[in-house]
Amino acid sequence: APGSGKSTLARLVRDRVNAAAGDDVAVVFPMDGFHYYMKDLLSNKDGLFPDEHEAVNRRGSPFTFDAESFVKRVAAARNASRENDVTRVPAFSHATHDPEEDAIEIKGSHKIVLVEGNYVLLPDDPWRALRDDGVLDESWFVDVAVDDAVRRVEARHVAVGRTPEEARRRAERNDRPNGELVARHKARADVLVPSYDMENIMESTP
């Protein structure tokens, strides 16, 4: 769920694996680069966003991601068979609040690809293919109480400049329903990982 600490956990796992291997064998593939651009939400791209106000306010919900492109790119990374094969994927720029195309390289030499995002376990098309069609070898669910996750996300909103009231409103109206949706499908995961305050762990890890 949003606020579970999954992004930080993915980075920690990548760094520990690479340190143990003494090589660049693990990489993080984030879902966030597949947000629709803000201009797409405002222009009703492909007729997907008839209510632009709702689309902007609910940005981060499943319908505001290009899920089909995400699933196809994950499958392409999985199928890279040669060491010089490269799948380029977007990152999310917190400076522009939009995707940054081709910012991350997933190489054929990467033995472990940590696909990280809120909705990789949803049972709806096209998301369901990730688990049900064997695109992912194993799925981990970072298990957190929704109230705890919402509290963390609210603090994050304040940290990036929103007023406490704006942060509370966005967390309750958008992040909470998204977290509740994710929590309903945690039984689809292979492994449940307890959630911790990952930012504090990062600060205390040498």
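Not measured: the values here are computed from a predicted model.

### Points about the overall build of the chain
Point 1. Counting secondary structure elements, the chain contains 8 helices and 6 strands.
Point 2. The C-alpha radius of gyration computed for the chain amounts to 17 Å, which stays within 12% of the reference 17 Å derived for 206 residues, consistent with globular compactness.
Point 3. For the chain, the spread of C-alpha atoms along the principal axes amounts to about 45 × 45 × 35 Å.
Point 4. When burial is assessed residue by residue, the chain has 43% of its 206 residues classed as buried.
Point 5. Residue pairs in contact within the chain that sit at least 24 positions apart in sequence constitute 69% of those at least 6 positions apart.
Point 6. For the chain, the computed accessible surface area is about 11400 Å², with 49% contributed by carbon and sulfur atoms.

### Topic: the packing of helix 6 (residues 146-159) against helix 7 (residues 164-183)
Point 1. Between helix 6 and helix 7, whose axes approach to 8 Å, the crossing angle comes to 140 degrees. Between helix 6 and helix 7, the interaxial angle falls into the category oblique. When you trace helix 6 past helix 7, the crossing you get is right-handed. Contact with helix 6, carried on its side by Val146, Asp147, Val150, Val153, Glu154, His157 and Val158, involves Pro164, Ala167, Arg168, Arg170, Ala171, Glu172, Asp175, Arg176, Gly179, Glu180 and Ala183 of helix 7 and no other residues of that element.

### Looking at the layout of surface pockets
Point 1. Its boundaries defined by the atoms lining it, the largest pocket holds a volume of some 1600 Å³.
Point 2. Contributing to the lining of the largest pocket are 46 residues, with Asp32, Phe92, His94, Arg156 and His157 lying nearest its centre.
Point 3. Elements supplying a minimum of two residues to the lining of the largest pocket: helix 1 (6-21), strand 1 (26-30), helix 3 (52-57), strand 2 (86-93), helix 6, helix 7 and helix 8 (198-204).
Point 4. Ranked by residue count, the leading element in the lining of the largest pocket is helix 7, at 7 residues.
Point 5. When grouped by side-chain class, the residues that make up the lining of the largest pocket number 13 nonpolar, 15 polar and 18 charged.

### A short note on the environment of aspartate 102
Point 1. Here aspartate 102 shows up in strand 3 (residues 98-107).
Point 2. As a C-alpha pair, aspartate 102 and glutamate 138 span 36 residues in sequence and 25 Å in three-dimensional space.

### Brief notes about the packing of aromatic side chains
Point 1. Tallying each qualifying case throughout the model produces 9 aromatic pairs.
Point 2. Between phenylalanine 49 and phenylalanine 63 the ring centres are 6.5 Å apart and the planes differ by 45 degrees, which places this aromatic pair in the tilted class. In this pair, phenylalanine 49 sits in the loop between helix 2 (38-43) and helix 3 while phenylalanine 63 sits in the loop between helix 3 and helix 4 (67-78), placing the two residues 14 residues apart along the sequence.
Point 3. The ring of tyrosine 37 carries the charged tip of lysine 39 above its face, separated from the ring centre by 5.1 Å.

### Some thoughts on helix 6
Because an α-helix packs 3.6 residues into every turn, residues spaced three or four apart end up facing the same way.
Point 1. The terminal C-alpha atoms of helix 6 lie 20 Å apart, and with 14 residues this matches the ideal 20 Å at 1.5 Å per residue to within 8%.
Point 2. Here helix 6 has its buried residues at Ala149, Val150, Val153, Glu154 and His157. All buried residues of helix 6 project into a common sector of 140 degrees when viewed along the axis, lining one side. Set apart from the buried face of helix 6 by more than 90 degrees, the exposed residues are Arg151 and Ala159.

### So, helix 4
Point 1. Look at helix 4: 17 Å from first C-alpha to last across 12 residues, which is about the 16 Å you get at 1.5 Å a residue.
Point 2. For helix 4, the complete set of buried residues consists of Ala67, Phe70, Val71, Val74 and Ala77. Projected down its long axis, helix 4 shows its buried positions confined to an angular sector of 125 degrees, all on one face.

### A word on unusual backbone geometry
Trans is the prevailing form of peptide bonds, just as negative phi is the prevailing case for residues other than glycine.
Point 1. Cis geometry marks the peptide bond from aspartate 125 to proline 126; its omega dihedral reads -5 degrees.
Point 2. Following the sequence through the fold, proline 126 ends up in the loop between strand 4 (112-116) and helix 5 (129-132).
Point 3. The backbone of asparagine 44 shows a phi angle near 55 degrees, a positive value even though the residue is not glycine.
Point 4. Within the fold, asparagine 44 resides in the loop between helix 2 and helix 3.
Point 5. Of the residues examined, asparagine 44 reaches a relative accessible area of 28% and is grouped as partly exposed.

### What to know about the nonpolar core
In globular proteins that are soluble, nonpolar side chains generally tend to be buried together.
Point 1. In terms of nonpolar packing, the biggest core is built from 30 residues, with Phe29, Phe70, Val74, Ile106, Tyr119, Trp127 and Leu130 touching the most fellow members.
Point 2. Taken together, the elements giving at least two residues each to this core come down to strand 1, helix 4, strand 2, strand 3, helix 5 and helix 7.
Point 3. The element contributing the most residues to this core is helix 4, with 5 residues.
Point 4. Ignoring any residue separated from it by four or fewer positions in sequence, one finds phenylalanine 70 in contact with Phe29, Pro30, Met31, Phe34, Val115, Val120, Trp127 and Leu130.

What counts and how
Residues numbered from 1 in each chain as written. Predicted model: local features only at pLDDT ≥ 70, side-chain atom pairs only at ≥ 80, totals over all residues. Heavy atoms only, no water. Helix = DSSP H or I, 4+ residues; strand = E, 2+ residues; numbered from the N terminus. Rg over C-alpha atoms; globule rule 2.2 N^0.38 Å. Buried < 20%, exposed > 50% of the residue type's maximum accessible area, 1.4 Å probe, protein only. Contact = heavy atoms within 4.5 Å. Areas by Shrake-Rupley, 256 points an atom, 1.4 Å probe, with all protein chains shown as cover. Axes fitted to C-alpha atoms, helices over the stretch in contact; angles between N-to-C directions. Parallel < 35°, antiparallel > 145°, perpendicular 65-115°, else oblique. Left-handed = near helix turned anticlockwise from the far one by under 90°. 1 Å grid on protein atoms, 1.4 Å probe; cavity = no way out; pocket = protein on both sides within 12 Å on 5 of 7 lines; lining within 4 Å. Points joined across faces, edges and corners; volume = space filled by probe spheres on them. Nonpolar A, V, L, I, M, F, W, Y, C, P; charged D, E, K, R; others polar. Phe/Tyr/Trp six-rings, centres within 6.5 Å; stacked < 30°, edge-to-face > 60°. Lys NZ or Arg CZ within 6 Å of the ring centre and 35° of its normal. Expected span 1.5 Å × (residues − 1). Arc of directions from axis to C-beta. Core = buried A, V, L, I, M, F, W, Y, C linked by side-chain atoms within 4.5 Å.

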